[in-house]
Amino acid sequence: MRTGANLPAVGEYNQTLVLDLIRRAPEGLSRVELSARTGLSAQTLSNVTRRLADEGLIAEAGKVISGPGKPRTLLKLEPRSRFAVGVHLDPVVDTIVVVDMAGDVVAHDEIPRRHGAAPAELIDDVRAAVDRIVAEAEIPRELVLGVGVAAPGPFDARGGRLLDPPLLPAWHNVHVREDLGAATGLPVIVEKDVTAAMVGEMWFDRSDALTDAMFLYYGAGVGLGVAIGGAPVRGRTGNAGGIAHVVVDPDGPACECGSRGCLGVSIEPRTLLAEAGYVPAETGDTRPDLDRLVRDAAAGGTRAGDVLRRAGERIARALVVTNNLLDVDEVVLGGPVWERLSEVLVDTVSARVTSDPVSTATRAITVRLSRVGADVAAVGAACLMLDGAFAARPARMMIAI
Ligand SMILES: [Zn+2]
């Protein structure tokens, strides 16, 4: 626990800490258990829990008898006390979700896309989508904490501005935080999509065991979300996690960087479909053909099977090389393209990560699928808003223990 901070800041910290513990315990926690876990005195804890209850964030939920003494009153999260909106700007499809305080998705939609739209129109489309999803979910606007936006890098973390996302040219130099904030009247935070995905996964890890981990995010682009010591690694400018140019296959396709077989170009949907001999769809939408590739492989198609096995080996090599650098416990696999290919890729990736000859890991690394699913970046962005809002709400700053 931090020390030497002034009293209001300590009070705020204690509330966040207690709320987080209660959030992670769906069965509820008693004040005695909370005191034991936080080291807070009974009096302080009583003040903290009363304020959380006053704000409607937690509620008493029955009593339990354990051992001698008075029955203990359980405190539980009030999931529907606050909400956050999450938006994922993606080259293929923009997703919007509303999550409650438990991080559960209570509404999901896609944002219609206009081609050739100016930045102001793009912002207005997102604003309209936010208004629509909040209204349709019948959530009182005052319970919405804000909007978290996940987008491919590079972005300017300090200014909340997308710089030049290679796969989202229309969003070049758009001040998302400022402009969307003005349009919606809500606080807005912007995060790199891979980092948002890592945060989303950590939010759903109720055991709090996901401390040193990587999230391989496989969408239209590929990137790595990283957590070390239980905190997401953003880097100095918020753009950490670029692994697209890690060379994974010396015989792989040529990359724009001048190398061959970089991860990004080697597992790009278009590359896989070309390797499988498919003719590109005129719409540019690779999703139906990716589904066909999986079906062909599952039906015993040798070429499709070879393409996907090689893709799995390429992904595994990138994970091994990165893990040699970071030495984490767990690898989580997810993202919209991963979700489509998962059933045929996961065994190859898992097997190779644990057996790759260049691995320096001295303990088996756990490879598993995202618990959140295809919307993980949008959900993670919303969870960031839940996190951020609780640490920085002005009303909370005024309360002293
Ligand atoms: Zn490259």
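About the criteria used
Residues numbered from 1 in each chain as written. Predicted model: local features only at pLDDT ≥ 70, side-chain atom pairs only at ≥ 80, totals over all residues. Heavy atoms only, no water. Donors = N, O, S within 2.8 Å, 3.2 Å for Na, K, Ca; no water. Buried < 20%, exposed > 50% of the residue type's maximum accessible area, 1.4 Å probe, protein only. Helix = DSSP H or I, 4+ residues; strand = E, 2+ residues; numbered from the N terminus. Expected span 1.5 Å × (residues − 1). Contact = heavy atoms within 4.5 Å. Domains from an automatic or database assignment. Buried area = accessible area lost by both parts, 1.4 Å probe. Salt bridge = Lys/Arg side-chain N within 4 Å of Asp/Glu carboxyl O. Polar contact = N/O pair within 3.5 Å; in protein donor to acceptor, adjacent residues only side chain to side chain.

1. A closer look at the coordination of the zinc ion
The coordination sphere of the zinc ion, as far as protein atoms go, consists of His245 (ND1), Cys255 (SG), Cys257 (SG) and Cys262 (SG), spread over 2.1 to 2.3 Å. Here Cys262 falls in the buried class, since its relative accessible area comes to 0%.

2. Side note on helix α3 (residues 42-54)
If you check α3, its first and last C-alpha atoms are 18 Å apart, about what 13 residues at 1.5 Å a residue would give, namely 18 Å. Taken together, the buried positions of α3 are Thr44, Leu45, Asn47, Val48, Thr49, Arg51 and Leu52. Just downstream of α3 lies Gly56, where phi reads positive at about 80 degrees.

3. Quick notes on the environment of Lys192
Relative to the elements of secondary structure, Lys192 occurs in strand β10 (residues 188-192). Residue classification places Lys192 among the buried residues on the basis of a relative accessible area of 9%. Sequence separation of Lys192 and Glu136 is 56 residues, and the distance between their C-alpha atoms is 28 Å. Beyond its immediate stretch of four places on either side in the chain, Lys192 contacts Ala151, Gly153, Phe155, Gly238, Asn239, Ala240, Gly241 and Gly242.

4. Quick look at the domain arrangement of the protein chain
The assigned domain composition of the protein chain is domain 1 (7-77), domain 2 (82-198 + 378-392) and domain 3 (207-370). Here the C-alpha centre of domain 3 lies 25 Å away from the C-alpha centre of domain 2. Between domain 2 and domain 3, the residue contacts involve 18 residues of the former and 23 residues of the latter. When the two sides are added together, the surface that domain 2 and domain 3 hide from each other amounts to roughly 1,400 Å², 63% of it contributed by carbon and sulfur. Summed over the shared surface of domain 2 and domain 3, the number is one salt bridge. The closest approach of N and O atoms between Glu191 and Arg234, which form a salt bridge, is 2.8 Å. At the surface where domain 2 touches domain 3, the tally comes to four residue pairs in polar contact (both at pLDDT 80 or more). Those elements giving two or more residues to the side of domain 2 that touches domain 3 turn out to be β10 and α6 (193-203).

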